[in-house]
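Single-letter residue listing:
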Amino acid sequence: MSGPEAVADCMFCGIVAGDVPATIVRETPRLIAFRDIDPQAPTHVLLVPRAHHASVAELAGADPDVLAELVREAAAVAADEGHSAYRLVFNTGAEAGQSVFHVHGHVLAGRPLAWPPG
Ligand code: 5GP
Ligand code: ZN
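The paragraphs below set out a description of the structure included in this document. Sequence positions are assigned chain by chain, starting from 1 and proceeding in written order. The naming scheme follows written order: chains are lettered A onward, ligands numbered 1 onward. Where local features are concerned, this predicted model is filtered to residues with pLDDT of at least 70; where side-chain atom pairs are given and counted, the filter is 80 or more; whole-chain, interface and lining totals use all residues. Only hydrogens and water are set aside; all other atoms, that is, all heavy atoms of the structure, feed into the side-chain values.

## With respect to the side chain of histidine 102
Structurally, histidine 102 is set in the loop between strand E6 (87-89) and strand E7 (105-109). Judged by its relative accessible area of 0%, histidine 102 is buried. At a separation of 2.8 Å, a polar atom in the side chain of histidine 102 contacts the main-chain carbonyl oxygen of proline 49. Here a residue-residue contact requires only that any non-hydrogen atoms of the pair lie within 4.5 Å. With residues near it in sequence (within four places) discarded, histidine 102 still touches Cys10, Phe12, Cys13, Val48, Pro49, Arg50, Ala51, His52, His53 and Ala54. Segments assigned H or I by DSSP are reported as helices when at least four residues long, segments assigned E as strands when at least two residues long, and all are numbered from the N terminus. Type-normalised accessible area, obtained with a 1.4 Å probe on protein chains alone, sets the label of each residue: buried when under 20%, exposed when over 50%, and partly exposed for intermediate values. Counting of polar contacts relies on pairs of N or O atoms within 3.5 Å, with two restrictions inside protein: one atom must be capable of donating a hydrogen and the other of accepting it, and residues adjacent in sequence are counted only when both atoms are side-chain atoms.

## Some thoughts on helix H3 (residues 64-80)
In this analysis, the expected span of each helix is defined as 1.5 Å times one less than the number of residues it contains. Between its first and last C-alpha, H3 extends 24 Å over 17 residues, near the 24 Å set by a 1.5 Å rise per residue. Residues of H3 that are buried: Val66, Leu67, Glu69, Leu70, Glu73, Ala74, Ala76, Val77 and Ala78. Against strand E2 (24-27), strand E3 (31-35), strand E4 (43-49), helix H2 (56-62), E6 and E7 lie the buried residues of H3. Immediately downstream of H3, the backbone of glycine 82 shows phi near 90°, a positive value.

Structure below.
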């Protein structure tokens, strides 16, 4: 499902709407960034378009400017927390670890990050 309207039962639409609490670290007219509730690194921030799109591929097709903004904002989130090196991850599909089907980029930084990922 995709489109700008808030989606019922979508946790991240709830955070965008202010109905679900979150620790927001950056905001723009089109994006919000908030701390992951279960952090996997000293910096673990989720970058979320305000509009609901299920996956990064859907966002790329529907609104590539917002995807480009998200990538720029990821660098800004890391820099704000003192990190020049970071990982930006989009899990896509349940088998790849996606559990919230409102596109989000994970910004991970502040510890050595192994490759390949698990
Ligand atoms: P995914 O598994 O879809 O790639 O990532 C979803 C992420 O959202 C997980 O890292 C999970 O910890 C985080 N998450 C799930 N529910 C909430 C919530 O209500 N608040 C916050 N801040 N993070 C959440
Ligand atoms: Zn949503």
